[in-house]
Amino acid sequence: MSEPHRADIRPGRLPPQTYAAHFADHVAPLTEAQALLEASRCLYCFDAPCMQACPTRIDVPSFIRRIAEGNARGAAESILESNPLGGSCARDCPTEVLCEQVCVRNTQQGQPVAIGRLQRFAVDALMASAEPQIFTRAAASGRRVAVLGAGPAGLACAHALAREGHEVALFDAKPKAGGLNEYGVAAYKVAGGFAQREVAWLLAIGGITLHSGWRLASAAQLEALRREYDAVFLGVGLASTHQLGVPGEALEGVVDAVEFIGALRQAADPGTLPVGRRVVVIGGGMTAIDAGVQSKLLGAEAVTIAYRRGPQHMRASRHEQELALTRGVGILHWLAPVEVLGEGGSARAVRFARQRLEGERLVPTGEELVLEADMVLKAIGQRLDGRVLAECGFALRDGRIATDACGRTSIANVWAGGDCIAGGQDLTVEAVAHGLRAARAIDRLLRGERSRPEQ
Amino acid sequence: MARLDIDFCGIRSPNPFWLASAPPTDKAYNVERAFEAGWGGVVWKTLAEAGPPVVNVSGPRYGALLAVDRSLIGFNNIELITDRELETNLAEITAVKRRWPGRAVVVSVMVPCKEESWQAILPRVEDTGCDGIELNFGCPHGMSERGMGSAVGQVPEYIQMVTAWCKRYTRLPVIVKLTPNVTDIRSPARAAKAGGADAVSLINTVNSIMGVDPDTLRMSPDVGGKGTHGGYCGPAVRPIALHMVAEIARDPETAGLPISGIGGIGSWRDALEFIALGAGCVQVCTAAMVYGFKIVQEMVSGLATYLDAKGLESVEALRGRALPSVTEWRYLDLNRISKAVINQDLCIQCGRCHIACEDTAHQAITAQRDGRRHFEVKEEECVGCNLCVNVCPVPGCITLRELAPGEIDRRTGQAVSGTALDWTQHPNNPLRSGA
């Protein structure tokens, strides 16, 4: 008879002094000397491909040349003019599939200019300077906009509208603004409280009032906002997560990866966070990678990410997959969860069915694999809680809010952007772009309305 | 194996690499180390007449123009001639030459423009057993304010007069070091020759201010809040020096006058360029001040390898080989037509060639083809100016192709002529010969 199973989930697996180092920046900031050298690699391309690859069209050659010329403030100005969240994008953008992927230095030297790290250098230098504010707010317009969701889309939209002199009420369900930068991205990507420093910088433009702990829960709420404000922007993200839908999902130790990351981000001391000795992460996106790597950093002995398709199908970039592998996280492919096996109410293993592609279709091969686990992290995607939105009357597409090219929804004077709208790639930088384009459209609308009575 | 040893106006040296008169040759300690490292010769840092030595600043004496990676582009100094006693220098020169009889030891001298000053010092210098003297008519800072250095070198009559005195008071070879701070380098060179000089050396340093400190708004480098122009040298001045060397080498009035080439030499390739344009030996300072004396070994290795590869048996066989290619603009063949060609396999798509040509030249490079990023030369616009070749970051990606005689130049629609036509014969020249 084997010993009865006891789930091994506990905090403080590592010596206390190790946590700070584990959750510090996983990419070190460039020193000034490094930044100057790296900046000198930029060729100042004509019609630069990196700029075209950036959803917010940051003028990469300009800002890098300004760094090379010793003008980091001017560089930050150029970045933030295009993307007010340039600081967090510099940290959590998958640059390897955006600007850096198309850098011509790849072709020549097999190594792109470190655009993301240079961007961080410039923005950090500005934020650390005596006068970090570079934008001034236009004279108050008397117009008021409600922005729902203080993540990257909402913050970008609010900041752009505030710059134009409009008054913004910024609502968020969480206690702090920042959205995924504060609650959802791995700690080592946005380390040192940067998310809140960025929020503070954004709000310092003036004209933005933050209402935290406010959740859109009914159509009546939206109606009230539409009456009270000249325009409404929705950047509410994806508040719900997909469920495995297999037996054993309710067992102790089966945890939502988004919640796991959120708890870790909010923990003053990561050492207080319980983590399993053996962790199985189910999923193939950024959340799966972030949850897997952070489990390892918390001291889990064995961490395995199990994904139902092949490496080429993972939403996590190749770079992210490599990051996980080098941190000692295993990745197994072609495994679909069948059942979480438990004992005494706690998870002890996950049973997977091996799969293969038959044409476009995933089919089970008939083989099975059981992975022992004290903790099972579910990272199989987030989704929109469509009930309230449908009740509000939003047209949805693919389970998300349908918009036009400016982010205008099916409801008059209501815009939306970020992960909650259809057709995106769920990137921070894309959310910022959505927020900014909606702000431009809203500003045009408000100016148009204002000029009418004067005619 | 090619021979690297040279005979420069009677001065023998195991290789053509000498250290120029400057801080690296200020005293026996340095010169001994230089010879141990393999330098063929030195020009001892300039001696002054007996008496209280000059006084140098004890703040910044040097300033540098650096690339982003802090590699050195240009260098300047405000150090004066030796600030040690004449007797000390003479004793050390004597001792060093005795220990290193096979190396060239040339002594640089700068005394006031009075015959008795030169008459007094030259025999004492000669007594050291050194191989030659170099007249410092080039130093552009400090000493020039006292009527010496470049103050002499800028007046051909003074050059001729002092050179003649020197030839009168010493039997040693006399090398006249020229300042580039003149309008036409041929005048001082001709004056040196007229005075009886055995050789000229050039260039000395160029008048320069290295920059302005953006915080203090003072020129830099500054000594206690004030600065003064210094002498500029290093890689940035090399093209200027090459031109001046070539001008003297091909001037019929000075042809055959031995030239010691100086100016931004840091590698065997740099030395090769000076020698191919007529220099019989080269002098180095800045590169040694950046890397130390050991670099001479890399220069020796590189030059020997090159000469062997070229089948040239000696340095002398290389000397002046590029001179026939130097001429006046009016003799350039206006019938030659070149077009830029972009190698699409090497192109990294940066577009620098396009924007350079589009904004500042001849609108001869595309940015797109079929809606896609694509850089290609439009031969009907290209004048073969070479700008794209120079701004392309990929070596060998853009080249100039010379059109063959009979080929149609798509810019003019004319067939390329097989015969040469220069400006002196060109129909557009109202002063053409036979017009």
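Residues numbered from 1 in each chain as written. Chains lettered and ligands numbered in written order. Predicted model: local features only at pLDDT ≥ 70, side-chain atom pairs only at ≥ 80, totals over all residues.

### Quick notes on the packing of helix α2 (residues 32–39) of chain A against helix α4 (residues 60–68) of chain A
Residues and elements named next belong to chain A. Packing of α2 against α4 leaves a shortest axis separation of 8 Å and a crossing angle of 130°. One way to sum up the angle between α2 and α4 is to call them oblique. Our pair here, α2 against α4, has a crossing hand that is left-handed. Contact residues: α2 offers Ala-35, Leu-36 and Ala-39, while α4 offers Ile-64, Ile-67 and Ala-68. Residue composition of the contact of α2 with α4, grouped by class: six nonpolar, no polar and no charged. (Axes fitted to C-alpha atoms, helices over the stretch in contact; angles between N-to-C directions. Helix = DSSP H or I, 4+ residues; strand = E, 2+ residues; numbered from the N terminus. Parallel < 35°, antiparallel > 145°, perpendicular 65-115°, else oblique. Left-handed = near helix turned anticlockwise from the far one by under 90°. Contact = placed C-beta atoms within 7 Å. Nonpolar A, V, L, I, M, F, W, Y, C, P; charged D, E, K, R; others polar.)

### With respect to the interface of chain A and chain B
Contacts between the two partners involve 11 residues from chain A, matched on the other side by 12 residues from chain B. Looking at the side of chain A that touches chain B, the elements that each hand over two or more residues are α2 and α7 (104–109) of chain A. With three residues, α7(A) is the single largest residue contributor to the side of chain A that touches chain B.

### Some thoughts on the nonpolar core
Ranked by size, the top nonpolar core spans 164 residues in total, and within it Ile67(A), Ala122(A), Cys157(A), Phe233(A), Val281(A) and Val376(A) carry the most contacts. Residues within four places of Phe233(A) in sequence aside, it is in contact with Val145(A), Val147(A), Leu148(A), Gly154(A), Cys157(A), Trp415(A), Ala416(A), Ala438(A) and Ile442(A). If you look at the next biggest cluster of nonpolar residues, it comprises 95 residues, including Val31(B), Val42(B), Ile81(B) and Val106(B). (Core = buried A, V, L, I, M, F, W, Y, C linked by C-beta atoms within 7 Å. Buried ≥ 20, exposed ≤ 12 C-beta atoms within 10 Å, placed from the backbone.)

### Topic: the domain arrangement of chain A
Accessible area lost on assembly of the parts is the figure often given for the size of an interface. Residues and elements named next belong to chain A. Domain assignment breaks chain A into domain 1 (24–127), domain 2 (144–239 + 384–454) and domain 3 (243–382). The gap between the C-alpha centroids of domain 2 and domain 3 is 31 Å. Counting residues at the interface gives seven residues for domain 2 and nine residues for domain 3. Of the residues assigned to the side of domain 2 that touches domain 3, the class counts are five nonpolar, one polar and one charged. (Domains from an automatic or database assignment.)

### A few points about the sheet that holds strand β10 (residues 302–306) of chain A
All names here are of chain A. Reading across the sheet, the five strands line up as β7-β15-β9-β10-β11 and stay open at both edges, with parallel pairing between neighbours. Strands at the two margins of the open sheet, each flanked by one partner only, are β7 (254–256) and β11 (329–332). The sheet shows a mean angle of 25° between the axes of neighbouring strands, taken without regard to direction. The sheet contact formed by strand β9 (residues 278–282) and strand β15 (residues 375–378) spans four bridges and is parallel. By the bridge assignment for β15, Val-280 is matched with Val-376. With respect to the sheet, helix α13 (residues 257–266) is in contact with β7, β9 and β15, its orientation differing from that of β7 by roughly 70°. Strands β10 and β11 of the sheet are contacted by helix α15 (residues 318–326), whose axis makes an angle of about 125° with β11. (Pairing = 2+ DSSP bridges.)

### A word on the domain arrangement of chain B
As assigned here, chain B comprises domain 1 (6–325) and domain 2 (329–415). The distance between the C-alpha centroids of domain 1 of chain B and domain 2 of chain B comes to 41 Å.

### Notes on the environment of Gly366(A)
Its place among the elements puts Gly366(A) in strand β14 (residues 361–372). In sequence terms Gly366(A) and Arg354(A) are 12 residues apart; their C-alpha atoms lie 6.8 Å from each other.

### Side note on helix α3 (residues 115–126) of chain B
Residues and elements named next belong to chain B. Spanning 12 residues, α3 covers 17 Å between terminal C-alpha atoms, matching the ideal 16 Å at 1.5 Å per step. Among all positions of α3, only Trp-118, Ile-121, Leu-122 and Val-125 are buried. Projected down its long axis, α3 carries its buried residues within an arc of 110°, all on one side. Exposed residues lying more than 90 degrees from the buried face of α3 are Glu-116 and Pro-123. (Expected span 1.5 Å × (residues − 1). Arc of directions from axis to C-beta.)

### Considerations on the confidence of the model for chain A
For chain A, the mean per-residue pLDDT works out to 94, and 97% of the residues sit at or above 70. Below a pLDDT of 50 lies the segment residues 451–455 of chain A, which in the model reaches zero contacts outside its immediate sequence neighbourhood of four places, other chains included. (pLDDT = per-residue confidence, 0-100.)

### Quick notes on the sheet that holds strand β3 (residues 17–19) of chain B
The pairing of strands in a sheet comes from backbone hydrogen bonds and takes either a parallel or an antiparallel form. Residue and element names in this part refer to chain B. One closed barrel accounts for eight strands, arranged β3-β4-β7-β8-β9-β10-β15-β16; its pairing is parallel. Each neighbouring strand pair of the sheet contributes to a mean axis angle of 25°, computed without reference to strand direction. Strand direction decides the pairing type here: strand β7 (residues 104–109) and strand β8 (residues 132–136), joined by four bridges, are parallel. Across the sheet, Ser-108 pairs through a bridge with Glu-134, a residue of β8.

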